[in-house]
Amino acid sequence: MTALTPRERFRRAPESLLLYAVSDDAWLGERTLASCCAQAVRGGATFLQLRAKRATTKELISAYAEIRDELEREGLAGKVPFVIDDDVEAALAVGADGVHVGQSDESCASARARLGEGAIVGVSAQTVEQALAAQAAGADYLGVGALFKTATKPEAADVSLRTLREICAAVSIPVVGIGGLNASTLASLAHTGVHGAAVVSAIFAAGDIVSATRDLRRIMDGVDLLV
Ligand SMILES: Cc1ncc(COP(=O)(O)OP(=O)(O)O)c(N)n1
Ligand SMILES: Cc1nc(C(=O)O)sc1CCOP(=O)(O)O
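Residues numbered from 1 in each chain as written. Chains lettered and ligands numbered in written order. Predicted model: local features only at pLDDT ≥ 70, side-chain atom pairs only at ≥ 80, totals over all residues.

- Labelled according to an unreviewed UniProt entry, the protein appears under the name Thiamine-phosphate synthase, originating from Slackia isoflavoniconvertens.
- Word for word, the UniProt comment on the protein under Pathway (unreviewed entry) is "Cofactor biosynthesis; thiamine diphosphate biosynthesis; thiamine phosphate from 4-amino-2-methyl-5-diphosphomethylpyrimidine and 4-methyl-5-(2-phosphoethyl)-thiazole: step 1/1."
- UniProt annotates the protein under Sequence similarities (unreviewed entry) with the comment "Belongs to the thiamine-phosphate synthase family." (UniProt positions renumbered as here; feature names shortened; annotations may be inferred.)

Here's what the structure looks like:
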């Protein structure tokens, strides 16, 4: 029996977008990025992305391998999909589960062609038009934001909850909201049609990442996302 590809596993379980941890090394202190990522997964994150805007491809490859090793050591390997932001080259080199690409990154079609049918390709979208184009180009899910102002990415374009709802209604692939999502704002995702929340600072800036992630997960488990 052949093993399922990351994409096949994701398609069978789109609920893995429920609490999507997007890593950031801005708040490490004495901690390693690998240990922080493992803590997020231990706390209940259901999807993981390596995002390091200043890293080279070589550095991303090392970071991905370190995180994967840490997950392995902690018995968490394969528990959640684990993709890389922006860098298709790094994803290919390290055999990542997939990539997440933005509107000004390598195109979804190119990422799909290079990574193959088995990889997860997520795409950022700010409008219904972008969402439909990404879906047509083979995206597996959409990241839609920024829903709230965020210091993590101050330049992110604003996307209203109304546009989020319109995007969810327009596409058949799952959608995750992003931007300023934390314990105070997660409830705004109720009845929007999203499959989950992508979170950076509310997880990775926390002193106790396991506990912070657990709290966010408890909230997301209680939010009725259905329209
Ligand atoms: C899940 C998710 N959604 C959106 C983004 C933003 O990606 P992108 O548009 O590529 O912007 P940067 O992350 O590169 O600043 C994301 N990373 N993840
Ligand atoms: C990485 C990213 N992308 C965004 C988008 O709108 O595309 S907003 C964002 C940062 C989200 O960080 P936080 O959870 O700390 O607000």
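1. Digging into the site of ligand 1
Okay, so step 1: Looking at ligand 1, there are 17 residues lining it, with Gly102, Ser124, Gly143, Ile178 and Ala198 nearest.
Okay, so step 2: Taken together, the elements giving at least two residues each to the shell around ligand 1 come down to strand S1 (19-22), strand S4 (98-101), strand S5 (120-125) and strand S7 (175-178).
Okay, so step 3: Split into classes, the residues belonging to the shell around ligand 1 amount to 6 nonpolar, 6 polar and 5 charged. (Near = placed C-beta within 6 Å. Helix = DSSP H or I, 4+ residues; strand = E, 2+ residues; numbered from the N terminus. Nonpolar A, V, L, I, M, F, W, Y, C, P; charged D, E, K, R; others polar.)

2. Quick look at the UniProt feature "domain: Thiamine phosphate synthase/TenI" (unreviewed entry) in the protein
Okay, so step 1: Feature annotation in UniProt places "domain: Thiamine phosphate synthase/TenI" (unreviewed entry) on residues 19-203, given in this structure's numbering.
Okay, so step 2: Helix makes up 35% of residues 19-203 and strand makes up 18%, while its end C-alpha atoms are separated by 10 Å.

3. A word on the site of ligand 2
Okay, so step 1: Around ligand 2 sit 16 residues in total, of which Gly145, Thr150, Thr152, Val200 and Ser201 are the nearest.
Okay, so step 2: Taken together, the residues of the shell around ligand 2 break down into 8 nonpolar, 7 polar and 1 charged.

4. Considering the nonpolar core
Okay, so step 1: Counting 76 residues, the largest nonpolar core has Leu142, Val199 and Ile203 as the members making the most contacts within it.
Okay, so step 2: Not counting residues within four places of it along the chain, the set of residues in contact with Leu142 comprises Val123, Ala125, Ala131, Ala134, Ile167, Val171, Ile173 and Val175. (Core = buried A, V, L, I, M, F, W, Y, C linked by C-beta atoms within 7 Å. Buried ≥ 20, exposed ≤ 12 C-beta atoms within 10 Å, placed from the backbone. Contact = placed C-beta atoms within 7 Å.)

5. Here we look at the environment of Val88
Okay, so step 1: Among the structural elements, Val88 can be located in helix H4 (residues 88-94).
Okay, so step 2: We classify Val88 as buried; it has 24 C-beta atoms within 10 Å.
Okay, so step 3: Each C-alpha atom, one on Val88 and one on Val99, is 6.4 Å from the other, the two residues being 11 residues apart in sequence.
Okay, so step 4: Residues within four places of Val88 in sequence aside, it is in contact with Val99, Glu106, Ala111, Arg114 and Leu115.

6. Thoughts on helix H3 (residues 57-73)
Note on helix geometry: an α-helix contains 3.6 residues per turn, so any two residues three or four positions apart are oriented the same way.
Okay, so step 1: Compared with the 24 Å implied by 1.5 Å per residue over 17 residues, the 24 Å span of H3 between its first and last C-alpha is a close match.
Okay, so step 2: Along H3, the residues classified as buried are Leu60, Ile61, Ala63, Tyr64, Ile67, Arg68, Glu70 and Leu71.
Okay, so step 3: For H3, the elements touching its buried residues are helix H2 (33-43), strand S2 (47-50), strand S3 (82-85) and H4. (Expected span 1.5 Å × (residues − 1).)

7. Considering the packing of H2 against helix H9 (residues 209-222)
Packed helix pairs are characterised by how far apart their axes lie and by the angle those axes make with each other.
Okay, so step 1: It is at 7 Å that the axes of H2 and H9 come closest, and there the two elements cross at 35 degrees. Crossing geometry of H2 relative to H9 is assigned as right-handed. The residues of H9 that touch H2, namely those facing Cys36, Gln39, Ala40, Arg42 and Gly43, are Ile209, Val210, Ser211, Ala212, Thr213, Arg214 and Arg217.
Okay, so step 2: Considering only residue class, the contact of H2 with H9 consists of 5 nonpolar, 4 polar and 3 charged. (Axes fitted to C-alpha atoms, helices over the stretch in contact; angles between N-to-C directions. Left-handed = near helix turned anticlockwise from the far one by under 90°.)

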